[in-house]
Amino acid sequence: MSGLYGRLSIAGKQAVWAWAFLALPVLFYVVIRFWPTADSFLISFYSWNLLGTPRFVGLDNYVRMWSDPTFWLVFRNTFEYLIIGTPVSIVVAFVIAYYLDQVRFAHGLIRALYFIPFMTTAVAMAWVWRWFYQPVPIGVFNNLLSELDLPTQPFLRSTEQALPSVLAPAIWAGLGFQVVIFLAGLRAIPESYYEAARIDGAGKWMILRRITIPLLRPTVVFLVVISSIGFLRIFDQVFNMTDGSGGPLNSTKPLVLYIYETAFQSYQMGYAAAQTVVLFTILLLITLLQLWLLRSK
Amino acid sequence: MLRRFGRAMAAAAVGIAVAWGGSASAQQKVTIEYWQYFFQQRVTAVDKLIAEFKKQNPDIEVVHNHFPYADYRTKVAAAIPAGQGPDVVQLFYGWLDDYIREKLIQPLPAAQFPIAEMEQRYFPIVQAMKRDGQYYAVPTAVRSLALFWNKRLYREAGLDPEKPPQTLDEMVEHAKKIVKRDRNGNVTTAGMTIDMTAQDHHWIREVLIRQFGGAPYSADSRKVTYDSDAGRKALQFYVDLQRVHQVGTNGFMDESQAAFRAGRAGIHLDGSFRLGALQNQRGLEWGVTELPAQDGKRSNFASYWVNAVTSKATGPKAEAAAKFLQFMVSDAAMQLWLAETGELPAAKAAALSPANLAHPLYGPFIRGLDYAAATEFVNETAQRQILIDAVDRVLLKNQSVADSVKEAAAAEQKLLDDHHRK
């Protein structure tokens, strides 16, 4: 026995040990992640209510999805979260990081204050914001508006305002993380570039446009991808701020919530799996896009 | 492969629970498992019942398992087909159809549950548990609706705090006197709560539609019949509470029960399960009465939790399970259930005792059972959402009541058709 192991080179022995330690996480990922993922592709071709025997239905679930107006509404909502959420959060985070980088006084404290929401449970935060948005007499925002004799707003009780209202705390929660990443990116730009630019007479705006932003490109790409995936998978905030319904009238319902409802309230596992496949494909494309963008430079 | 995987996962999920139960049982003893979802008062009640049952049947061990409500249905659904999990299981009556169709529960043994006696012993709801002449489940506890009113707000509005509304018109009239607003017109105290996400969708469906002379569904529950004059009148009445009478706003103080508990709502419709929370509310002066009538007609909504024997129980386990189930639905057990959980007995004799009928808190709910209907839901969440959306379309999108009712009825009919076609 020791003969076989003993005959291995040092590199070989290292490989054996590496695999020995990796075995557990690999097994875990195969059983908990990859297998169910593969299975959900299979289930998407079946009609199954979780209780009985799955029945093969071919592409029926996909055909149904194509003609399901709720699916398309939910699809649109999901991209609305993404298209509003990502740019707004990136720009706000960059502005905060850019100025925070120049602040020396209480820098650590301010940075910590931005980071705290990121560490808070999404559920707790969603409930606090849900109460902020309530009408008079318990909602903070509306109480303030009412005190100032301004018209109160329906926020979560409006089909137009609900989605941005749900999105705001999601952006706010992710801000801390993005600011910290931006700060690291800013610090990584060598000071000598700035000095050289200043000697050449470049102004602040010019430095920002020609040096800071181009050199932050990898940081921005990373953050865009991470936050895009985050917004595409938005669930906790919506679920907790809208009583789990994605209402009013589905105006805030994202794809993940629709999948959850289809699977665990209507028990249509096949249809839910088909939607999951669509979400999986979108996320995969975005990840591939990221790899391609990062490689091109 | 799908099926095998499902079984493997389910087996893993309940394996621990079974191993636990197995090691606890002594030899020769029959061990059966009882499952319900977690609700503190119910868990206490079942623990007490099991202790009593064991005294009478020392040779039967009952293992009591409970899960959070959110996971309950999924866990039960995964466990039974895998041959694991409960022998006696508590189910919402709306789920029965699926369970019977998939043969997850078995017909009740006629020895302990004679078919002829079932209809005499229980409220008419028991019909919903019958398939092809056989009963598959027994109701243990019932919930019905009633009207709660805040006596202090009644006094402040110059109303008699001991005279709650008896008709819909009186209710609106009282609510209009109670409602308070700030200088900008925002409601600060609601005359009555308007909250579709709580019990109001049941109120519209089984109470208002019937009171306005219609029926929500056909007799066999296969057809939606509220796209009618009665259905339109019911929805009109409901949205007018906010739009015309302005006695409150949908979603006031986030949850209607919170508004009522905080003393910020004069009238609130809720279920018997709310009694416990209200009794512990200090400083709140309240009373409870039957739902208001319309043109002398009363109606109510009742929902049931039932107990059934699963197909997993065979041989001695099936016998033990039947014995335990019989014990769970005895009059004494139901009275204990009422005291512990505030849920009403499903057996007529236990419910309609003079003491229960005259009880200031339980009385209105129990009297309501006499004229209550139970919706045969195929998907309660989805059916609830359809009515929530019907109200929202009118209140938020200014859709006409007639169009909104029509749209809701069509959506619900499709849901029913899809379910029954399977």
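The residue numbers shown here count from 1 along each chain, following its written sequence. Chain letters and ligand numbers both follow the written order, the letters beginning at A and the numbers at 1. Where local features are concerned, this predicted model is filtered to residues with pLDDT of at least 70; where side-chain atom pairs are given and counted, the filter is 80 or more; whole-chain, interface and lining totals use all residues. Side-chain figures throughout are based on the complete set of non-hydrogen atoms in the structure, without hydrogens or water.

A. Structural detail: the overall build of chain B. On a plain count of helices and strands, chain B comes out with 18 helices and 13 strands. We take the radius of gyration over the C-alpha atoms and set the globule estimate at 2.2 Å times the residue count to the 0.38 power. Here the C-alpha atoms of chain B give a radius of gyration of 23 Å, agreeing with the 22 Å that 2.2 N^0.38 yields for 422 residues. Each of the three principal axes of chain B carries a C-alpha extent, and together these read 75 × 45 × 40 Å. Looking at chain B residue by residue over its 422 residues, the buried ones come to 56%. For chain B, long-range pairs separated by at least 24 residues make up 74% of all intrachain contacts whose partners lie at least 6 apart in sequence. Segments assigned H or I by DSSP are reported as helices when at least four residues long, segments assigned E as strands when at least two residues long, and all are numbered from the N terminus. Exposure classes here rest on a 1.4 Å probe applied to the protein chains alone. A residue is buried below 20% of its type maximum, exposed above 50%, and partly exposed in between. In what follows, residue pairs with any heavy atoms lying within 4.5 Å of each other are defined as contacts.

B. Quick look at the domain arrangement of chain A. Residues and elements named next belong to chain A. Per the annotation, domain bounds derive from an automatic or database assignment of domains. Looking at chain A, the domain boundaries give domain 1 (2-43) and domain 2 (63-295). If you average the C-alpha positions of domain 1 and of domain 2, the two centres end up 36 Å apart. Opposite the 4 residues of domain 1 that make contact, domain 2 presents 5 residues. Taken over both partners, the interface formed by domain 1 and domain 2 buries close to 380 Å², and the fraction arising from carbon and sulfur atoms is 85%. Summed over both partners, the accessible area (1.4 Å probe) lost when two parts come together is defined as the buried area. The largest contributions to the domain 1 side of the interface with domain 2 come from Ser40, Phe41 and Ile43, which together make up 88% of the buried area. Salt bridges are defined by distance alone: a side-chain nitrogen of Lys or Arg within 4 Å of a carboxyl oxygen of Asp or Glu. Summed over the shared surface of domain 1 and domain 2, the number is 0 salt bridges. Whenever two N or O atoms come within 3.5 Å, that pair is a polar contact, provided that in protein one can donate a hydrogen and the other can accept it, and provided that, for residues adjacent in sequence, both atoms are side-chain atoms. Taken together, the connections running from domain 1 to domain 2 amount to 0 residue pairs in polar contact (both at pLDDT 80 or more). In terms of residue class, the side of domain 1 that touches domain 2 is made up of 2 nonpolar, 2 polar and no charged. Each residue gets one label: Ala, Val, Leu, Ile, Met, Phe, Trp, Tyr, Cys and Pro are nonpolar, Asp, Glu, Lys and Arg are charged, and the others, such as Gly, are polar.

C. Expanded view of the pairing of strand β2 (residues 60-67) of chain B. All names here are of chain B. With 7 of 8 residues buried, β2 is to be regarded as a mostly interior element. Where strand β1 (residues 30-37) lies against β2, 8 bridges are found, and the strand directions are parallel. From the neighbouring strand, Ile32 faces β2, where its bridge partner is Val62. Looking down the strands as they point away from the viewer, one classifies a crossover as right-handed if the path from the first strand across the helix to the second runs clockwise. Between the parallel pair β1 and β2, the chain is carried across by helix α2 (residues 40-56), and the sense of this crossover is right-handed. Two strands make a pair as long as DSSP finds a minimum of two bridges between them.

D. Spotlight on the environment of A:Asn49. Residue placement: A:Asn49 occurs in the loop between β1 (46-47) and β2 (55-56). On the basis of relative accessibility, which here comes to 12%, the residue A:Asn49 falls in the buried class. When the C-alpha positions of A:Asn49 and A:Gly270 are compared, they lie 8.0 Å apart, and in sequence the two are 221 residues distant. At 3.4 Å, the side chain of A:Asn49 and the side chain of B:Glu102 are in polar contact.

E. Local environment of the interface of chain B and chain A. The interface of chain B with chain A comprises 35 residues on the first partner and 35 residues on the second. Summed over both sides, the interface between chain B and chain A buries roughly 3,300 Å², with carbon and sulfur atoms accounting for 56% of that surface. Applying the counting rule to chain B against chain A returns 4 salt bridges. In this assembly, chain B and chain A are joined by 15 residue pairs in polar contact (both at pLDDT 80 or more). Only α1 (2-24), α3 (69-79), α4 (96-101), β8 (187-192) and α17 (380-397) of chain B provide two or more residues apiece to the side of chain B that touches chain A. Of all the elements, α17(B) adds the most residues to the side of chain B that touches chain A, at 7 residues. Within the side of chain B that touches chain A, the residues separate by chemical class into 11 nonpolar, 10 polar and 14 charged.

F. Seen up close, the side chain of B:Arg384. Mapped onto the fold, B:Arg384 is located in helix α17. When near neighbours in sequence (up to four residues on either side) are disregarded, B:Arg384 contacts B:Thr197, B:His201 and B:Arg205.

G. Representation of the pattern of salt bridges in the model. Inspection of the entire model under this criterion finds 34 salt bridges over all chains. Taking the shortest distance from any N to any O, the salt bridge between B:Lys54 and B:Glu61 comes out at 3.3 Å. Given a relative accessible area of 29%, B:Lys54 falls into the partly exposed group. Its salt-bridge partner being B:Asp270, residue B:Arg274 comes within 2.7 Å of it at the nearest N-O pair. With respect to class, B:Arg274 is no different from B:Asp270; both count as buried. Several salt bridges converge on common partners, so that one network encompasses A:Arg130, A:Asp243 and B:Asp254.

H. Structural context of the nonpolar core. Ranked by internal contacts, the top residues of the largest apolar core, which has 181 residues, are B:Leu91, B:Tyr99 and B:Trp203. Of the residues forming this core, the biggest block, 9 residues, is contributed by helix α14 (residues 269-295) of chain A. With sequence-adjacent residues up to four places away left out, B:Trp203 is seen in contact with B:Leu145, B:Leu168, B:Met171, B:Met192, B:Leu208, B:Phe237, B:Tyr238, B:Leu241, B:Leu269 and B:Leu291. In these notes, a set of buried Ala, Val, Leu, Ile, Met, Phe, Trp, Tyr and Cys residues joined through side-chain atoms within 4.5 Å is what counts as a nonpolar core. With 20 residues, the next largest nonpolar core counts A:Ala93, A:Phe94, A:Leu183 and A:Ile207 among its residues.

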